[in-house]
Every structure is written in C-alpha cells, then in structure tokens.
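Residue-level listing of the chains:
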Amino acid sequence: MNIKTRKVVGQVFFLLIAFYLDGLMKWAFLNNMNHGGFNVLPQLMLMLIVMLTMRIDDRRHLIILGIVFGLLYDSYYYGIIGLYTVLLPLLMIGIDHFKFLLLKNNMGYDLSIYFLSLTFLQSGIYLLERLLQQTSTDVLDFITYTLGPTLLWNVVVFFIFYIPLANLSSWMVKYRRDSK
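Owing to the predicted nature of the structure, the values given are computational and were not obtained by experimental measurement.

Cut-offs used in this document
- Residues numbered from 1 in each chain as written.
- Predicted model: local features only at pLDDT ≥ 70, side-chain atom pairs only at ≥ 80, totals over all residues.
- Heavy atoms only, no water.
- Phe/Tyr/Trp six-rings, centres within 6.5 Å; stacked < 30°, edge-to-face > 60°.
- Helix = DSSP H or I, 4+ residues; strand = E, 2+ residues; numbered from the N terminus.
- Buried < 20%, exposed > 50% of the residue type's maximum accessible area, 1.4 Å probe, protein only.

Caption draft 1: Looking closely at the packing of aromatic side chains. All told, the structure shown has 13 aromatic pairs when counted by the stated rule. On the numbers, 5.5 Å between centres and 55° between planes, the contact of Phe19 with Tyr76 is tilted. With a gap of 57 residues between them, Phe19 in helix H1 (residues 3–30) and Tyr76 in helix H3 (residues 59–78) connect regions that are remote in the sequence. Its relative accessible area of 57% is what places Tyr76 among the exposed residues. Measuring from ring centre to ring centre gives 5.4 Å for Tyr78 and Tyr84, while their planes differ by 40°; the resulting arrangement is tilted. A relative accessible area of 26% means that Tyr78 is categorised as partly exposed. By relative accessible area, which is 1% here, Tyr84 ends up buried.

That is the geometry; function is a separate question.
Okay, here's the thing in structure tokens:
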C-alpha cells in the first residue's frame, strides 16, 4: 500500500473516531447538561471535516467523504436520511470553493470557517426539519435553545482540540514521495 492510500485510510479512520466521539460526548457529558430546554449538539466530526477540507485539494475525494459520512451520520444519529447526506457535501464544496481567499491556515481562519460551517449546518438541518414537518420549534427558540448553546460548546471544544487536530489533519494530507 503506497503512502497516499495509507493517508486516505488514515483520514477515514480518524473521521470514524470523531464520528464515534460525537455520540460519546453527547451521551457522557451533555445528557446531564441538556436540561431546561437547552439542546447542545457536539460536532467534533464536523471540526475534523472542516480542517481536512481546508487542506485537501481533491474535490472528488471531498465529495465522496461528505456523502459517505453524511449518510453514516444520518443513519446512525438522526434516522432521517438526507439531512447530513445533502448538507455535508454542500458545505465541503463551499469551503473548497472559497478556501483560495485564505492566505494561510491558522487558528483564526479555521475558527471562523468552523463557526460559519456549524451555523450553516445547524440552520440547514433546522430548515429541512421544518420543511419535512419534523419539528414545531419556531426560529427564535431554535436560535436561543439550540444554535447558541451548540455554537458555544463547539467553540470551546475547538479551542481545546485545535492544535492536535490541526497537526493531525496537516500530517494526513501531506504525501512524501521518497517514503515507501
């Protein structure tokens, strides 16, 4: 197996770990915090996807990752196939399309892209759920009780995990020709 194949397998493996940690964080930490109407949704997998999208140049590879992990996320966590399956590849293509505007990957750029991605994803899921009549929450309640706490929790988690995940995602996309 050549180095490029190993890196792609590593990307998928670490995305699967982040996928599992999303559910584990929700179950272990946030079940005790989601009282009083507040609903916090951890998005560690989205954080890793945003960091990989900022560093991967192959758009076809990004679309495949987005569809596969969107379908996996929908089938495992939501039960409604199509929410993440549609929104995750759109988000990845949007980041890939506009990443040329960013001069250098650093914490400020990654945080702003992650914040906008998280807002887009959660708002898109809310709109699709409203369209499919799966929720009766109005917009102000969604912003106050779901979007706000989700953004706050995920920005704090971003600051905690940024350096290890940034180094890991940078390492996973670099290919050295001289190594076997």
